[in-house]
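Analysis of the macromolecular model
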Amino acid sequence: MSMRKQFISTVEELIARDERIVLLLGDIGVFGFRNSLIKYPKQVYNIGILEQSTIGLAAGLAMTGKIPFVHTIAPFLVERSYEQLKDDFCYQELGGNFISVGASYDYSALGSTHHCPADVGILKLLPGMEIILPGTSREFDILLKQCYSNNNPTYFRLSEYENDEDYDVTFGKANIIQRGSQATVIAIGSMLNQVKKAVSGLDVSLLYYTTVAPFDMEILKKHVSHGKIFVCEPNYGGSIYFDIIRAVKPNSVQIDGISVPHRFLNHYGSREEHDNILGFNAPEIKKRIINFINEK
Amino acid sequence: MRVGLPIYYGIGGQKSSLIKNKLIMHKLKIKELRKLIIELSYKSQEGHIASAFSILDILWVLYERILNTTPKNINTENRDIFILSKGHACLAQYVVLMEKGFFSKSELLSFCEYNSPFGGHPDRNKIIGIEASTGSLGHGFPMAVGIALALSIKQSSSRVFVLVGDGECNEGTIWESAMLANRFQLANLCCIVDFNHSTDRALSLGNLQDKFLSFGWGVSTINGHDLDQIYDAVSKTSSNKPSVIIAETIKGYGCKRMENNPEWHHKSPSESELKEIIKELS
């Protein structure tokens with residue numbers, strides 16, 4: 001089941017058992033929720049294409065004890081209504097769940113207006129915002145159920161590409177995939193698949209993060225190998241560098257990584273084509289890690 | 001430049017005897033609160049006095065006569081909700097809440113001090129009686145729509161009032177919210193527009209009545225400083241649609257040097273100005 005279909009399945013399951021939940025669709029995912037729109041008319045709404053007011057309305061729902069879920073395409077959910085996320089939820093300390101579709105360049109053929117590789121980075125700057133990047137459909141199911149009613153603003157990033165293997169993930173905690181001594185590699189969300197293949201046979205630790213805010217510093221502190229950390233991010237790079245620096249203090253560390261390059265992607269085609277050209281594949285990642293390990 | 005206020009009557013055209021009988025008493029009280037606003041602004045050298053003066057009459061009538069919102073029921077579900085979407089006018093709300101017993105004057109005198117809960121914009125996590133942390137224009141109205149929607153889902157009889165500024169009506173979220181409120185037929189929602197025309201120098205709103213009518217709202221227009229008209233308008237309820245009260249007001253109302261004077265948008269009085277203004281308000 002794709003992450004998008006899992007989203008529908010998990011949310012419908014939650015709606016059925018928790019009447020506090022109100023789902024607001026930005027005219028996206030309407031077909032998937034067509035049955036719920038009829039069955040739960042006071043809990044599921046196709047609100048329309050007005051993202052800023054949708055977030056504001058969601059905050060109003062939260063103020064009365066409802067648990068809002070808002071779903072639309074990533075740039076409109078995050079960038080267009082950034083101030084509402086900041087003021088209405090984070091500043092007011094209200095709980096809500098913001099689930100995007102179209103991670104980074106998943107909508108590869110639609111151009112940069114529909115890309116959002118900046119989402120993780122800019123949301124990291126909002127005090128109190130939780131950020132979750134599940135690597136598989138099952139991990140999304142686990143994490144949404146763990147967090148949806150925690151009374152905090154939480155962002156879930158659905159992605160088209162998924163890892164082959166599920167992990168038993170816990171909100172706020174990273175998983176140790178492999179232990180080694182020459183470097184620590186961090187894979188975030190759907191990057192794990194290719195990164196795991198890349199580090200197979202290398203003497204490196206591999207940590208898997210599905211929550212980037214709050215950031216699990218403890219596990220990183222215990223697994224910093226040789227003062228070198230290689231970060232694999234499915235978004236603009238640097239989103240967790242400050243967390244890394246704080247985690248390893250007072251020691252210094254060399255950081256490098258692979259991420260979506262900081263430029264507009266002006267080609268169309270498929271997501272896979274973009275992945276390959278950007279080096280998001282095991283052989284390319286392996287080469288980069290080996291070079292990094294060998295750097296003085 | 002407008003001179004004076006148009007004379008309108010609220011819905012039904014009748015004056016409320018509830019307000020009329022004690023009109024002088026209310027007006028004296030409101031004058032007292034104006035003086036307090038000036039003093040708070042002088043002491044802190046902060047605050048948007050003119051915006052506060054623009055809405056004070058409206059807030060007084062709401063809290064004095066309409067809102068089922070008290071210090072005792074503020075955390076209960078059956079209260080009415082008021083959101084000041086034009087958050088910079090919060091001095092008006094602060095003094096009215098103080099008068100209604102939500103906090104003391106001595107607490108309010110800390111306005112804008114470093115550790116004070118009372119800032120230049122209201123904070124719901126710091127001040128009892130404040131429902132939303134507004135300040136960025138265009139945020140309070142959508143939140144009010146969300147609250148009204150939730151209350152209608154719960155079939156609550158509580159009402160939701162939201163006060164917006166005319167400058168704030170430049171924001172797209174105001175019209176998005178107007179669409180949403182109509183779509184959900186939020187009869188429990190009443191929007192009050194503090195129409196002091198401060199936005200005319202930038203982006204004139206044209207015929208605001210027609211705009212809201214075209215969005216499917218019930219519309220009334222009043223003199224926003226006439227306590228009877230305010231009472232008549234806010235006490236009316238609707239059965240099937242959201243309602244808007246377009247309150248024609250004067251920014252800085254009650255103080256001649258401030259009225260319609262942009263210089264006083266975010267200005268605090270000097271010592272000599274304080275003395276002169278207090279004298280005028282006495």
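Report on the accompanying structure. (Residues numbered from 1 in each chain as written. Chains lettered and ligands numbered in written order. Predicted model: local features only at pLDDT ≥ 70, side-chain atom pairs only at ≥ 80, totals over all residues. Heavy atoms only, no water.)

**Some thoughts on the overall build of chain A**
Let me state the cut-off plainly: The secondary structure listing takes helices from DSSP runs of H or I that are at least 4 residues long and strands from runs of E that are at least 2 residues long, numbered from the N terminus. Atoms counted for the radius of gyration: C-alpha only. Globule rule: 2.2 Å times the number of residues to the power 0.38. By definition in these notes, contact holds between two residues if any of their heavy atoms fall within 4.5 Å. Shrake-Rupley sampling with a 1.4 Å probe provides the accessible areas, and residues are treated as covered by the protein chains on show and by no other component. We score Asp and Glu as negative and Lys and Arg as positive, and we do not count His or the chain ends. Charge placement uses NZ in Lys and CZ in Arg. For Asp and Glu, CG and CD serve respectively.
Looking only at helices and strands, chain A has twelve helices and twelve strands in total. In terms of overall dimensions, chain A is globule-like: its C-alpha atoms have a radius of gyration of 19 Å, near the 19 Å expected for 296 residues. Looking at chain A alone, contacts between residues at least 24 apart form 74% of all its contacts between residues at least 6 apart. Element-wise, carbon and sulfur atoms account for 51% of the exposed surface of chain A, whose accessible area totals about 11900 Å². Computed over 29 positive and 33 negative side-chain charges, the inter-centroid distance for chain A is 3 Å.

**Examining the sheet that holds strand S7 (residues 175-178) of chain A**
Note: strands within a sheet are paired through backbone hydrogen bonds, in either parallel or antiparallel orientation. All names here are of chain A. To keep it simple, the criterion reads: Whether two strands pair comes down to DSSP finding at least two bridges between them. For helices, the axis comes from a line fit to the C-alpha atoms of the stretch in contact; other axes are also lines fit to C-alpha atoms, and the angle between any two N-to-C directions lies between 0 and 180 degrees.
Spatially, S7-S9-S8-S11-S12 is the arrangement adopted by the five strands of the open sheet, whose pairing is mixed. The open sheet has two edge strands, S7 and strand S12 (254-260), and neither has a second partner. Going from strand to strand, the sheet's axes swing by 25° on average, the running direction of each strand aside. As judged from the four bridges shared by strand S8 (residues 184-188) and strand S11 (residues 228-236), these two strands associate in the parallel manner. Residue pairing for S11: Ala187 is matched across the bridge by Cys232.

**As for the sheet that holds strand S4 (residues 96-101) of chain A**
All names here are of chain A. Taking strand neighbours across the sheet as the criterion, the seven strands line up as S2-S1-S3-S4-S6-S5-S10 in an open arrangement whose pairing is mixed. Looking along the sheet, the strands with just one partner apiece sit at the ends: strand S2 (44-46) and strand S10 (211-213). Adjacent strand axes in the sheet meet at a mean angle of 20°, parallel and antiparallel pairs treated alike. Strand direction decides the pairing type here: strand S5 (residues 130-132) and S10, joined by two bridges, are antiparallel. Residue pairing for S10: Ile132 is matched across the bridge by Thr211. Helix H5 (residues 82-91) rests against strand S3 (67-73), S4 and strand S6 (153-157) of the sheet, and its axis sits at about 150° to S4.

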